Amino acid sequence: MTIELYVYPPSPRAFKAMAVANHLGLDWTLRMVDFQKGDHQTPEYAALNPNMRMPTLKDGDYVLWESNAIGQYLATKKAESALFPQDERKRLDITRWQFWDLAHWDPACAVFAYEYVVKPIMLGIKAPDMVEVGKGAEKFHRAAKVLDAQLAGKQFITGDTLTLADFSIGSAMNFAERAHYPIEAYGEIKRWSATLAALPAWQKTLAISTWPAASAA
């Protein structure tokens, strides 16, 4: 039975799950959750994910939500994969960075994504709230300094092997240009992000993750 991923493809949180599934070569089916149409608020979807957010995974009778947990589940389907290795300390290191993503990196990037991408497209509001952008910049620089230092001397976040940590944290970088992340000073992050963007699974997933044009309203 194929794995079903309920996603709104343009979202970086959806991207994490889809890109991991593509990288592992898993058989999966995309189930669109169109936020612009309110699909996430239907009773049918709320029965799968009471948060009425996405992504959500359904594998037979098993249902799982939260993007980083989904990534871990998918990686266990290919136990030989280096994305989430069997070694306990290596797993904890990866999980540590996934937690860091949720606590620090994702919230900082989300400010820029909302102001420069979501608001024009979904709300028709073209001008960003620069007060909010300023608050986001403080969060971004605090987190980016940590990530940039971690990447120094390494190809990927936890070393020279691609892991779930890279998918979890790297997905937000898909918006770096469009959302005007203040990334100029962080050479290690830019180098690492370019490496991820060149991965075949990354390119395959980007092809189904494009945001529509901004509203003319």
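Please refer to the structure higher up on the page.
Let me begin by describing the structure that accompanies this report. Predicted, not measured: the structure shown is a model, and the values here were computed from it.

**Some remarks on the layout of surface pockets**
There is about 830 Å³ of room inside the largest pocket. In terms of lining, the largest pocket is formed by 28 residues, of which the most central are S11, R13, F35, R53 and M54. Among the secondary structure elements, those contributing two or more residues to the lining of the largest pocket are α1 (12-24) and α4 (88-123). Here the lining of the largest pocket gets eight residues from one element, more than from any other, and that element is α4. Of the residues assigned to the lining of the largest pocket, the class counts are 18 nonpolar, five polar and five charged.

**Here's the deal with the packing of α4 against helix α5 (residues 130-151)**
Packed helix pairs are specified by the crossing angle of their axes together with the interaxial distance, meaning the distance between the axes. Contact pair α4 / α5: the axes reach a minimum separation of 9 Å and the direction vectors enclose 145°. At the point where α4 passes α5, the crossing takes the left-handed sense. Here W97, W100, H104, W105, A108, C109, V111, F112, E115 and Y116 of α4 come into contact with α5, specifically with M130, E132, V133, G136, A137, K139, F140, A143, A144, V146, L147 and Q150. Residues of the contact of α4 with α5, tallied by class, amount to 16 nonpolar, three polar and three charged.

**Some details on empty space enclosed by the protein**
Where empty space is left becomes clear once a probe the size of a water molecule has been rolled over the atoms. In the structure shown here, the tally under the stated rule is one cavity of 30 Å³ or more. Computed from the structure, the largest cavity encloses a volume of approximately 30 Å³. Taken together, K16, V20, S67, N68, G71, Q98, L164, F167 and S168 make up the full set of residues lining the largest cavity. Only α1, α3 (67-76) and α6 (164-170) provide two or more residues apiece to the lining of the largest cavity. Class assignment for the residues of the lining of the largest cavity results in three nonpolar, five polar and one charged.

**Remarks on the side chain of K16**
Counting through the fold element by element, K16 comes out in helix α1. For K16, the side chain forms a polar contact with the side chain of N68, separated by 3.4 Å. Once residues within four sequence positions are removed from consideration, K16 is found in contact with S67, N68, D101, L102, F167, S168 and S171.

**Topic: a nonpolar patch on the surface**
A cluster of nonpolar residues, Y114, M122, L123 and I125, forms a patch on the protein surface that exposes about 350 Å² of accessible area. Examined against the element boundaries, I125 turns out to sit in the loop between α4 and α5.

**Description of the nonpolar core**
Within the largest apolar cluster, 64 residues are counted, with the highest numbers of intra-cluster contacts made by L5, W105, F140, Y181, I189 and W192. Elements that contribute at least two residues to this core include exactly β1 (3-7), α1, α2 (43-48), α3, α4, α5, α6 and α7 (187-197). Looking at which element gives the most residues to this core, the answer is α4, with 10 residues. Contacts of W192, omitting those with residues within four sequence positions, involve L147, L151, Q155, F156, I157, D166, I169, G170 and M173.

**A closer look at α4**
For α4, spanning 36 residues, the distance from its first C-alpha to its last is only 45 Å, which falls clearly below the expected 52 Å at 1.5 Å a residue. For α4, the principal kink sits at D101 and spans about 50°. Measuring from the backbone nitrogen of R89 back to the side-chain oxygen at the start of α4 gives 3.2 Å, which picks out D87 as the cap. G124, located one to two residues past α4, shows a positive phi value of around 70°.

**Digging into the sheet that holds strand β2 (residues 28-32)**
Pairing within the open sheet is mixed, and its four strands lie in the order β2-β1-β3-β4. Strand pairing shows two members of the sheet lacking a second neighbour, β2 and β4 (62-65), which therefore form its edges. Strand-to-strand twist in this sheet, taken as the mean axis angle between neighbours without regard to direction, amounts to 20°. Bridge count between β1 and β2: five bridges; the pairing is parallel. Counted as the bridge partner of V7 is M32 from β2. Relative to β1, α1 is tilted by about 155°, and along the sheet it contacts β1 and β2. With respect to the sheet, α3 is in contact with β1, β3 (56-59) and β4, its orientation differing from that of β4 by roughly 135°.

**Brief notes about the environment of D148**
Take D148: it is sitting in helix α5. For D148, a relative accessible area of 15% translates into the label buried. Through-space distance from the C-alpha of D148 to that of R191 is 9.9 Å; in sequence the pair is 43 residues apart. Polar side-chain contacts of D148 include one of 3.0 Å to the backbone nitrogen of I189.

Thresholds, definitions, all that
Residues numbered from 1 in each chain as written. Predicted model: local features only at pLDDT ≥ 70, side-chain atom pairs only at ≥ 80, totals over all residues. Heavy atoms only, no water. 1 Å grid on protein atoms, 1.4 Å probe; cavity = no way out; pocket = protein on both sides within 12 Å on 5 of 7 lines; lining within 4 Å. Points joined across faces, edges and corners; volume = space filled by probe spheres on them. Helix = DSSP H or I, 4+ residues; strand = E, 2+ residues; numbered from the N terminus. Nonpolar A, V, L, I, M, F, W, Y, C, P; charged D, E, K, R; others polar. Axes fitted to C-alpha atoms, helices over the stretch in contact; angles between N-to-C directions. Left-handed = near helix turned anticlockwise from the far one by under 90°. Contact = heavy atoms within 4.5 Å. Polar contact = N/O pair within 3.5 Å; in protein donor to acceptor, adjacent residues only side chain to side chain. Patch = residues over 30% accessible without salt bridge, like charges linked within 9 Å, V, L, I, M, F, W, Y side chains within 5 Å. Areas by Shrake-Rupley, 256 points an atom, 1.4 Å probe, with all protein chains shown as cover. Salt bridge = Lys/Arg side-chain N within 4 Å of Asp/Glu carboxyl O. Core = buried A, V, L, I, M, F, W, Y, C linked by side-chain atoms within 4.5 Å. Buried < 20%, exposed > 50% of the residue type's maximum accessible area, 1.4 Å probe, protein only. Expected span 1.5 Å × (residues − 1). Bend = angle between axes of the 7 residues up to and from the residue. Pairing = 2+ DSSP bridges.

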